[in-house]
Amino acid sequence: MKCTRCRAAAEVHLRQHNSAFCRTCFVFYFQRQVERAIDKERMFTRDEAVLVAVSGGKDSLALWDVLITLGHQTTGLHLSLGIGDYSDQSTAKTVAFAQARGLPLITVPLADDGLAVPEIARLTRRPACSACGTMKRHYFDRLAIDRGFPVVATGHNLDDEAARLLGNVLHWQMEHLTRQRPVLEPTHDRFVRKVKPLFRCSEYEAAVYAFFRGIDYIVDECPNAAGATQLLYKDMLNRLEAASPGSKLTFVQEFLHKAQPALTPATVAPPQTCERCGMPSYAALCGFCRLVRETDAKRERRQAAGRA
Ligand code: AMP
Ligand code: ZN
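No experiment lies behind these values; they were computed from the predicted model shown.

Cut-offs used in this document
- Residues numbered from 1 in each chain as written.
- Chains lettered and ligands numbered in written order.
- Predicted model: local features only at pLDDT ≥ 70, side-chain atom pairs only at ≥ 80, totals over all residues.
- Heavy atoms only, no water.
- Pairing = 2+ DSSP bridges.
- Helix = DSSP H or I, 4+ residues; strand = E, 2+ residues; numbered from the N terminus.
- Contact = heavy atoms within 4.5 Å.
- Axes fitted to C-alpha atoms, helices over the stretch in contact; angles between N-to-C directions.
- Near = heavy atom within 4 Å.
- Polar contact = N/O pair within 3.5 Å; in protein donor to acceptor, adjacent residues only side chain to side chain.
- Areas by Shrake-Rupley, 256 points an atom, 1.4 Å probe, with all protein chains shown as cover.
- Nonpolar A, V, L, I, M, F, W, Y, C, P; charged D, E, K, R; others polar.
- Donors = N, O, S within 2.8 Å, 3.2 Å for Na, K, Ca; no water.
- Tetrahedral: all angles 85-135°; square planar, octahedral: opposite > 155°, others 65-115°.
- Buried < 20%, exposed > 50% of the residue type's maximum accessible area, 1.4 Å probe, protein only.
- 1 Å grid on protein atoms, 1.4 Å probe; cavity = no way out; pocket = protein on both sides within 12 Å on 5 of 7 lines; lining within 4 Å.
- Points joined across faces, edges and corners; volume = space filled by probe spheres on them.
- Core = buried A, V, L, I, M, F, W, Y, C linked by side-chain atoms within 4.5 Å.
- Domains from an automatic or database assignment.
- Buried area = accessible area lost by both parts, 1.4 Å probe.
- Salt bridge = Lys/Arg side-chain N within 4 Å of Asp/Glu carboxyl O.

Peer 1: How would you explain the sheet that holds strand S5 (residues 105-109) if you had to name every residue and give the values?
Peer 2: Spatially, the six strands line up as an open sheet ordered S5-S4-S3-S6-S8-S7, and their pairing is mixed. A strand with exactly one partner marks an edge of an open sheet, and here the two such strands are S5 and strand S7 (183-184). As paired strands, strand S6 (residues 151-153) and strand S8 (residues 193-195) are joined by three bridges and run parallel to one another. Note that in S8 the partner of valine 151 across the bridge is arginine 193. On the sheet, helix H5 (residues 128-146) packs against strand S3 (49-53), strand S4 (73-80), S5, S6 and S8 and is oriented at approximately 145° with respect to S4.

Peer 1: Can you tell me about the site of ligand 1, naming the residues and giving the values?
Peer 2: Neighbouring ligand 1 are 13 residues; Ala53, Val54, Leu77, Leu79 and Gly155 lie closest to it. Within the backbone of alanine 53, a nitrogen or oxygen atom sits 2.6 Å from an oxygen atom of ligand 1. Within the contact set of ligand 1, a nitrogen atom lies 3.4 Å away from a backbone nitrogen or oxygen of valine 54. Starting from 470 Å² of accessible surface for ligand 1 in isolation, the protein chains cover 77%. In terms of residues, the shell around ligand 1 owes the most to one element, S4, which gives three residues. Here the shell around ligand 1 is built from residues that sort into six nonpolar, six polar and one charged.

Peer 1: Give a description of the coordination of the zinc ion (ligand 2) that names residues and reports values.
Peer 2: Distances from the zinc ion (ligand 2) to its protein donors, Cys274 (SG), Cys277 (SG), Cys286 (SG) and Cys289 (SG), fall within 2.2 to 2.3 Å. Taken together, the four donor atoms coordinating the zinc ion (ligand 2) and their angles of 106 to 115° define a geometry best described as tetrahedral. As a motif over one chain, the donors of the zinc ion (ligand 2) read C-x2-C-x8-C-x2-C. In this structure cysteine 289 comes out as buried when scored by relative accessible area, which is 0%.

Peer 1: So what's going on with empty space enclosed by the protein? Which residues, and what values?
Peer 2: Counting across every chain of the model gives one cavity of 30 Å³ or more. Here the largest cavity defines a volume of roughly 50 Å³. Around the largest cavity, the lining residues are Glu161, Gln180, Arg181, Pro182, Lys196, Phe199, Val252, Phe255 and Leu256. Looking at which element gives the most residues to the lining of the largest cavity, the answer is helix H10 (residues 247-259), with three residues.

Peer 1: I'd like a rundown of the nonpolar core, residues and numbers included.
Peer 2: Ranked by size, the top nonpolar core spans 54 residues in total, and within it Phe26, Phe30, Val34, Met43, Phe44 and Trp64 carry the most contacts. It is helix H1 (residues 23-40) that contributes the most residues to this core, eight residues altogether. For methionine 43, the residues in contact, after removing those within four places along its chain, are Ala37, Ile38, Glu48, Val151, Pro182, Val183, Arg193, Val195, Lys196, Pro197 and Phe199. Leu77, Leu81, Phe140 and Leu285 belong to the second largest nonpolar core, which has 33 residues in total.

Peer 1: Can you lay out the domain arrangement of the chain for me, pointing to particular residues and giving the numbers?
Peer 2: Domain parsing of the chain yields domain 1 (38-215 + 225-268) and domain 2 (269-308). Each of domain 1 and domain 2 has a C-alpha centre, and the two are 25 Å apart. Counting residues at the interface gives 22 residues for domain 1, matched by 19 residues for domain 2. With both sides pooled, the region where domain 1 packs onto domain 2 buries about 1800 Å², and carbon together with sulfur makes up 65% of that total. The tally of links from domain 1 across to domain 2 stands at two salt bridges. Glutamate 119 is the partner of arginine 299 in a salt bridge, and the nearest nitrogen-oxygen pair spans 3.3 Å. Taken together, the links from domain 1 to domain 2 amount to six residue pairs in polar contact (both at pLDDT 80 or more). For the side of domain 1 that touches domain 2, the secondary-structure elements that each account for two or more residues are helix H4 (117-124) and H5. The element that contributes the greatest number of residues to the side of domain 1 that touches domain 2 is H5, accounting for eight residues. Looking at side-chain class alone, the side of domain 1 that touches domain 2 contains nine nonpolar, seven polar and six charged residues.

Structure (structure tokens):
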């Protein structure tokens, strides 16, 4: 097979786009896809400093690599979640990537604040993924606002968005459906814009890009993700994609173009301000502060019981 762009021998075949690329042209194609998404969806301009949430996985590192290549001003934000060896390796890969390229990186070791994800999940008896999600949302928002970044970019890819859409549709989560967008504008003065520049790039494309660019990323999935519903949805969508290439892209794209404009956004009152941390909240305390309070209370009770 020949490269669609330059007719050299192709190394990647993208059935959903009916095209094939050699190594150089694939890298160019991937970067163009991301650039187009940023421009078309008005995610950010070259004058805006972007906080890139990097996990050490292929998607967020590929995203960071593309943003630098495109000449954007970026700073990485990495949360070291305290999930054993998995988190240590993720942090090491992220730090190595930033150091090798001389990029600014903010690393937050949650365990230092007594907030390692497994411990919080155990003490509060919540699913680890739910505690983890609360932490990520809080730290992304707080660091962005505290350090003056107008926008946070994450590495969510097409497979993530298609799986999330399938989950939202299966349960007809109307409020979630109105908010499932590649760009979310802030609804509070301590929220910033959230963007997903890889929303049209498949997981496979991100992996190929990372490989061609020699990016060393953590290959392992988070140990907590095993058996997660999201993986079941991804598996189903992959089977659909194999039988009918382009299904994932059509599902997400046509939802955004056709279905979402027909949904009436729920008239939710804008968030108030959390009385403990000052971040946006729908109750007196935000989800993060409720989690921290509960963790502290449980920890104190255990210590008191230990002393008795
Ligand atoms: P996930 O929720 O693990 O699928 O990750 C989705 C996106 O969230 C990634 O592409 C990153 O942009 C961001 N992210 C996930 N984990 C972390 C982390 N530990 N630190 C910073 N950003 C993260
Ligand atoms: Zn709070």
